[in-house]
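This is what each chain is made of:
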Amino acid sequence: MGGVREGSVITRKPIGNQSFNLSLPISSMSSLVNTVYSVRLSSSAEASCPPRNRRLAAKPSCISLNRRRLVVRATETDTNEVGAKAPDNAPAQSGSSFNQILGIKGAKQETNKWKIRVQLTKPVTWPPLIWGVVCGAAASGNFHWTVEDVAKSIVCMLMSGPCLTGYTQTINDWYDRDIDAINEPYRPIPSGAVSENEVITQIWVLLLGGLGLGGLLDVWAGHNFPVIFYLALGGSLLSYIYSAPPLKLKQNGWIGNFALGASYISLPWWAGQALFGTLTPDIIVLTLLYSVAGLGIAIVNDFKSIEGDRQMGLQSLPVAFGSETAKWICVGAIDITQLSVAGYLLGAGKPYYALALVGLIAPQVFFQFKYFLKDPVKYDVKYQASAQPFLILGLLVTALATSH
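Residues numbered from 1 in each chain as written. Predicted model: local features only at pLDDT ≥ 70, side-chain atom pairs only at ≥ 80, totals over all residues. Heavy atoms only, no water.

Draft legend 1. Up close: the overall build of the protein chain. Looking only at helices and strands, the protein chain features 17 helices and three strands. The buried share of the protein chain, taken over its 404 residues, is 44%. Summarising the internal contacts of the protein chain: among those between residues at least 6 apart in sequence, 65% fall at separations of at least 24. As displayed, the protein chain offers around 21,100 Å² of accessible surface, 62% of which is attributable to carbon and sulfur atoms. (Helix = DSSP H or I, 4+ residues; strand = E, 2+ residues; numbered from the N terminus. Buried < 20%, exposed > 50% of the residue type's maximum accessible area, 1.4 Å probe, protein only. Contact = heavy atoms within 4.5 Å. Areas by Shrake-Rupley, 256 points an atom, 1.4 Å probe, with all protein chains shown as cover.)

Listed below in structure tokens is the structure:
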């Protein structure tokens, strides 16, 4: 039988060996139910009607319609009349303003252009870079708590954090706008909250600001060779080829995440150490080793983008290996790297520093099992907030060990 118009009920009444269907509007439902109820009463009374009364057409109470059946069928609904369901990960209208400023999930949708600009720079990603400068300064062995050294450190932190990390995050969002339209369509760029010209302007301002501060620091430190400027320039180039075609390093989960890890750990450390001392080959090797842990941290952020990465052909590790394998690669990269550094410190005759580093690895493993390994998508923010402080403290312990 074909589809039924919305708001209809069907009655089927056999006559002899034939039957026919009646389509009644839903507005007649009440009267139809009353009729059926009356018919049932008359049918029950029929047995008690005398034969002579049954032949009287004027006795409607004795009409026999006991074979009548009522069939009510579910009405079809035009799918065009049903509103689209919002994505599960879409932010509520009452989202957090704090999350919006930090550039993390659960952000309130904002219309203020300056707040949106700050959101694009993702301030939540600045602390590791700022901390890297602290570690580099500590590793140099030449930092002193004077006004001048503190001022130099602050300028170096501004270069590494708000300027160059902000540049990196903005340009990454720009080139990820098609993926974000799938995974997070409410983000500032795919949602249209910020225009193309505004994004391009922000990218250039942050890039030139960071490079300018790098050159200023070289002059301030009295460098004959502008090492900090070239570190800033190299990091900016790495950020560009990480996000932009044709190279787009992030298309390969291994290369892209290692490049990201080096940007977050090695480059700010090198800048801080070069500002106050000399950047030595052993420190370069040690920090690059630590960048493997940064690779693991970068993988954490890949889980929330699996669907979009798969559709856009990006071979992130969760896409290439599956979520179950990728989460173990992630924690393995983080833990094995730090244990290797602890072994290096032990072999270098720094057993107390090595023991302190192992003590900082233990809570990270605990939070990995408590949050990340259970559900890397649901608990990614909670895991990073719980475990990463111990990782960056481990960086400082390593820096102090290399300075003595």
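There's plenty left to go through after this.
Draft legend 2. Layout of the UniProt feature "transmembrane region" (unreviewed entry) in the protein chain. According to UniProt, the feature "transmembrane region" (unreviewed entry) maps to residues 223-242, 254-271, 283-304, 352-373 and 385-403 in the numbering used here. Within the segment residues 254-271, helix and strand shares are 100% and 0% respectively, and the terminal C-alpha atoms sit 25 Å apart. End-to-end, the C-alpha atoms of residues 385-403 are 28 Å apart, and along that stretch the chain is 100% helix and 0% strand. (UniProt positions renumbered as here; feature names shortened; annotations may be inferred.)

Draft legend 3. The confidence of the model for the protein chain, seen in detail. Across the protein chain, the average pLDDT comes to 82, with 76% of residues at 70 or higher. Helix 9 (residues 196-221) holds the highest mean pLDDT among the elements of the protein chain, 98, whereas helix 1 (residues 29-46) holds the lowest, 41. When the criterion is pLDDT under 50, residues 1-89 qualifies, and its contacts beyond four places in sequence or with other chains add up to 73 contacts. (pLDDT = per-residue confidence, 0-100.)

Draft legend 4. The pattern of salt bridges, seen in detail. Under the criterion given, the structure shown has nine salt bridges. For Lys115, the salt bridge goes to Glu110, with nearest N and O atoms at 4.0 Å. Residue Lys115 is classed as partly exposed on the basis of its relative accessible area, which comes to 37%. Several salt bridges share partner residues, and in doing so they unite Lys122, Asp173, Asp180 and Arg187 into one network. (Salt bridge = Lys/Arg side-chain N within 4 Å of Asp/Glu carboxyl O.)

Draft legend 5. Structural view of the side chain of Asp335. Here Asp335 is to be found in helix 15 (residues 323-347). No salt bridge is formed by the buried Asp335, whose closest oppositely charged neighbour, Lys327, lies at an N-O distance of 13 Å. Within the structure, the side chain of Asp335 is placed 3.0 Å from the side chain of Gln368, a separation counted as a polar contact. Apart from residues lying up to four places away in sequence, Asp335 is in contact with Val365 and Gln368. (Lys, Arg positive; Asp, Glu negative; His and termini not counted. Polar contact = N/O pair within 3.5 Å; in protein donor to acceptor, adjacent residues only side chain to side chain.)

Draft legend 6. Examining helix 4 (residues 113-121) more closely. All buried positions along helix 4 are accounted for by Ile116, Arg117, Gln119, Leu120 and Thr121. Elements in contact with the buried residues of helix 4: helix 3 (97-102), helix 5 (126-140), helix 6 (147-175), helix 8 (188-191) and helix 9. Regarding helix 4, its N-cap is Asn112, as a side-chain oxygen of that residue lies 3.0 Å from the backbone nitrogen of Trp114 further along. One or two steps after helix 4, the chain reaches Lys122, where phi turns positive at roughly 50 degrees.

Draft legend 7. Spotlight on unusual backbone geometry. Backbone torsion omega between Pro245 and Pro246 reads 10 degrees, so that peptide bond is classified as cis. Residue position: Pro246 is located in the loop between helix 10 (227-243) and helix 11 (253-276). For Lys122, which is not a glycine, the phi torsion comes out positive at approximately 50 degrees. Relative to the helices and strands, Lys122 is located in the loop between helix 4 and helix 5. The backbone phi angle of Lys248 is positive, close to 40 degrees, even though this residue is not glycine. Assignment of secondary structure puts Lys248 in the loop between helix 10 and helix 11.

Draft legend 8. Spotlight on the environment of Ile329. Inspection of the secondary structure assignment puts Ile329 in helix 15. Separated by 34 residues in sequence, Ile329 and Leu295 have C-alpha atoms that sit 9.8 Å apart. Setting aside residues no more than four positions away along its own chain, Ile329 makes contact with Trp254, Ile299, Leu317 and Phe321.

Draft legend 9. Structural context of the side chain of Asp176. Positionally, Asp176 belongs in the loop between helix 6 and helix 7 (177-183). Note on Asp176: relative accessible area 8%, which makes it buried. What Asp176 contacts, discounting residues up to four positions off in sequence, is Lys248 and Lys250.

Draft legend 10. A look at the environment of Gly294. Tracing the chain through its elements places Gly294 in helix 12 (residues 281-300). For the pair Gly294 and Tyr264, spaced 30 residues apart in sequence, the C-alpha to C-alpha distance is 7.0 Å. Leave out the neighbours within four places in its chain, and Gly294 touches Asn257, Gly261 and Ile265.

Draft legend 11. Local environment of the packing of aromatic side chains. One pass over the full model with this rule turns up 13 aromatic pairs. Considering the side-chain rings of Phe303 and Phe372, the 5.5 Å spacing of their centres and the 80 degrees angle between planes classify their relative orientation as edge-to-face. With a gap of 69 residues between them, Phe303 in the loop between helix 12 and helix 13 (306-312) and Phe372 in helix 16 (residues 351-372) connect regions that are remote in the sequence. Grouping residues by exposure puts Phe303 and Phe372 together as buried. Of note, Arg117 hangs over the ring of Trp114, and the distance from its end group to the ring centre comes to 5.5 Å. (Phe/Tyr/Trp six-rings, centres within 6.5 Å; stacked < 30°, edge-to-face > 60°. Lys NZ or Arg CZ within 6 Å of the ring centre and 35° of its normal.)

Draft legend 12. Geometry of the nonpolar core. Core analysis: the largest hydrophobic core is formed by 67 residues, its most contacted members being Met159, Trp269, Phe372 and Tyr383. For this core, the two domains that each supply at least three residues are domain 1 (102-278) and domain 2 (280-403). For Phe372, the contacting residues outside a window of four places in its chain are Val300, Phe303, Lys327, Cys330, Val331, Phe367 and Tyr383. Counting residues in hydrophobic clusters, the runner-up holds seven residues, among them Leu249, Ala259, Leu260 and Tyr264. (Core = buried A, V, L, I, M, F, W, Y, C linked by side-chain atoms within 4.5 Å. Domains from an automatic or database assignment.)

Draft legend 13. Broad picture of helix 10. Relative to the 24 Å expected for 17 residues at 1.5 Å per residue, helix 10 spans 25 Å between its end C-alpha atoms, a close match to the ideal helical length. Considered for burial, the residues of helix 10 that qualify are Ile228, Leu231, Ala232, Gly235, Ser236, Ser239, Tyr242 and Ser243. The arc that holds the buried residues of helix 10, viewed along the axis, is 130 degrees, so those residues lie on one side. Tucked inside the fold, the buried residues of helix 10 contact helix 6, helix 9 and helix 11. (Expected span 1.5 Å × (residues − 1). Arc of directions from axis to C-beta.)

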